[in-house]
Amino acid sequence: MSNRFNLLAPDVRANPYPVYAELRRNRHLSQVDPGGMWAVTRYADVMTVMKNPLLYSSEGFGRAVRPAWLGHNPFADSMICMDPPNHTRLRALVNRVFGTAALARWEPRVRAYAESFAAALPSGRTVDVIDAFNSALPASVIGELLGLDASLRPRFKRWTDDLTSITGTAPDDLAKQAQVRDTVAEFERYVSEVLELRRREPREDLVSELLRAQTGSEALTEAEVHSFLFLLLVAGLETTVHLLNHSVRLLAEHPDVLARVRANRSLIPQLLEEVLRYEPPVHSVPRHTTADTELGGVPLPKGTRVLVLLAAAGRDEEHFPDGERFDPERTGQNHLSFGYGIHFCLGSQLARMEARIGLETLLDRFSGFSRDPEPIVWNRSMTVRGPVVMPMRFHAA
């Protein structure tokens, strides 16, 4: 029987940070379950991995999200699972879609969605804030950004939940495996229909932009567009949904902070950076070594699987003094919650904008909010951590 920490054990899933702290104190890399990957937890070691993408290959991510029981998965072929030069080419083709000017045009639409969903929240009555607001807002934004059918918004979250659960699905959970395979097939069929429609009738949306995207003689192939849309749906939803989830929960748990932020909305951007450090949506990214190397006092032969724990690095006391304390007044943030280097998240500014506007809208409409006392049920994934449901009560202004 293994004495390694199991990162998917229910008690660890409920609060992984004591485990992360113990792994950091070990000073050397340690193997963790499931799978026996070597966990990279200290900020300096995480930076070493992120700064050396050719030695610590992102194809390790692709292998993690394409287990034998799943087989085909366009997400595993997306640029988040690629190394240079293929990654460099794809990044150049899609980078302009997320420029500052494009985001500025989207801010009024994001605010309109936020105000609409906030207006539907009942005062003084318990509601699942994830379904009613935290998921509804980014699902609507990403749906319109991509030009997808708005009536399918409830499916978007189910699709992303299933795709992010791949790394947490047990080898003997045949029912869940079948569900994920069905989701991949369903979403891919839908993407094919959307692409065919956009070729016939181009619109002012991101899908049409991707079909037109070209650098010199280079353009995206059909398979590359498929994989990028898989990536964008997952990344565009999961990061923002859980950034909102953690932000609302932490404000409910810290009423003094909520009062300060409600009195001074200019504090929201700094608050969000602390949430990203302290309770990030993305907890880890898998990698594998392409040559023999050494890290954290451990020799890593070529082909070794490592798990880069961004959430553990975010609380490293050697880099963030008093790192286990939630401190919205913390300055000089340089967390790694959106990655680093060539894989820095393309949609980071969109996620920040949606979360900022979401919080502004909730604080405009309500005097505060409180969470029901029942324990939170957390999702099951090695990469993304967040609640499945979160009952909350909103208080009238």
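Residues numbered from 1 in each chain as written. Predicted model: local features only at pLDDT ≥ 70, side-chain atom pairs only at ≥ 80, totals over all residues. Heavy atoms only, no water.

The next thing to look at is the overall build of the chain. For the chain, the count of helices and strands is 16 helices and 14 strands. Taken against the 2.2 N^0.38 rule, which gives 21 Å for 397 residues, the C-alpha radius of gyration of the chain at 21 Å falls within 12% of a compact globule. Considered along the principal axes of its C-alpha atoms, the chain spans approximately 60 × 55 × 40 Å. Put simply, the chain has 397 residues, and 58% of those count as buried. In the chain, the share of contacts with a sequence separation of at least 24, taken over all contacts with a separation of at least 6, comes to 74%. With the model as given, the accessible surface of the chain reaches about 16,700 Å², and the carbon-plus-sulfur share is 53%. If the 46 positive side-chain charges of the chain are averaged to one point and the 49 negative ones to another, these points end up 1 Å apart. (Helix = DSSP H or I, 4+ residues; strand = E, 2+ residues; numbered from the N terminus. Rg over C-alpha atoms; globule rule 2.2 N^0.38 Å. Buried < 20%, exposed > 50% of the residue type's maximum accessible area, 1.4 Å probe, protein only. Contact = heavy atoms within 4.5 Å. Areas by Shrake-Rupley, 256 points an atom, 1.4 Å probe, with all protein chains shown as cover. Lys, Arg positive; Asp, Glu negative; His and termini not counted. Charge placed at Lys NZ, Arg CZ, Asp CG, Glu CD.)

A complete count under the given rule lists 12 aromatic pairs for this structure. Ring geometry for Phe61 and Phe75: centres 6.1 Å apart, planes at 70°, overall edge-to-face. In this pair, Phe61 sits in helix 4 (residues 59-64) while Phe75 sits in the loop between helix 4 and helix 5 (86-94), placing the two residues 14 residues apart along the sequence. As far as burial versus exposure is concerned, Phe61 and Phe75 are alike and both buried. Note on Tyr278 and Phe326: the rings are 5.4 Å apart at their centroids and 50° apart in plane angle, and the pair reads as tilted. Of this pair, Tyr278 sits in helix 14 (residues 268-278) while Phe326 is found in the loop between helix 15 (310-313) and helix 16 (348-365), placing the two residues 48 residues apart along the sequence. Each of the two residues, Tyr278 as well as Phe326, counts as buried. (Phe/Tyr/Trp six-rings, centres within 6.5 Å; stacked < 30°, edge-to-face > 60°.)

Attention shifts here to helix 12 (residues 222-253). In an α-helix, one full turn covers 3.6 residues, which means residues spaced three or four apart are oriented alike. With 32 residues, helix 12 ought to run about 46 Å at 1.5 Å a step, and its terminal C-alpha atoms sit 46 Å apart, in line with that. Within helix 12, 28 of the 32 residues are buried, which leaves it mostly tucked inside the rest of the structure. (Expected span 1.5 Å × (residues − 1).)

With that settled, consider the sheet that holds strand 10 (residues 305-309). Pairing is mixed across the open sheet formed by five strands, whose spatial order is 1-2-10-7-3. With partners counted over all chains shown, the strands left at the sheet margins are strand 1 (30-32) and strand 3 (56-57), one partner each. Of the pairings in the sheet, the one linking strand 3 to strand 7 (residues 284-289) comprises two bridges and is antiparallel in character. Looking at strand 7, one finds that Tyr56 is bridged to Thr289. (Pairing = 2+ DSSP bridges.)

With respect to the helices and strands, Asp372 occurs in the loop between strand 11 (366-371) and strand 12 (377-378). It turns out Asp372 is buried and unbridged, and the closest side chain with the opposite charge, Arg393, is 4.9 Å from it. (Salt bridge = Lys/Arg side-chain N within 4 Å of Asp/Glu carboxyl O.)

Counting 109 residues, the largest nonpolar core has Phe133, Leu229, Leu362, Phe369 and Phe394 as the members making the most contacts within it. Ranked by residue count, the leading element in this core is helix 12, at 16 residues. In this structure, Leu229 is in contact with Leu146, Phe187, Val191, Leu195, Leu206, Val207 and Leu210, ignoring residues within four places of it in sequence. Grouped together as the second largest cluster of nonpolar side chains are 16 residues, Leu7, Val12, Val32 and Leu307 included. (Core = buried A, V, L, I, M, F, W, Y, C linked by side-chain atoms within 4.5 Å.)

Another aspect to go through is the pattern of salt bridges. Considering all chains together, one arrives at 28 salt bridges under this definition. The closest approach of N and O atoms between Glu253 and Arg371, which form a salt bridge, is 3.7 Å. Of this pair, Glu253 sits in helix 12 while Arg371 is found in strand 11, placing the two residues 118 residues apart along the sequence. A single salt-bridge network, built from bridges that share partners, covers Arg249, Glu253, Glu279, Arg371 and Arg385.

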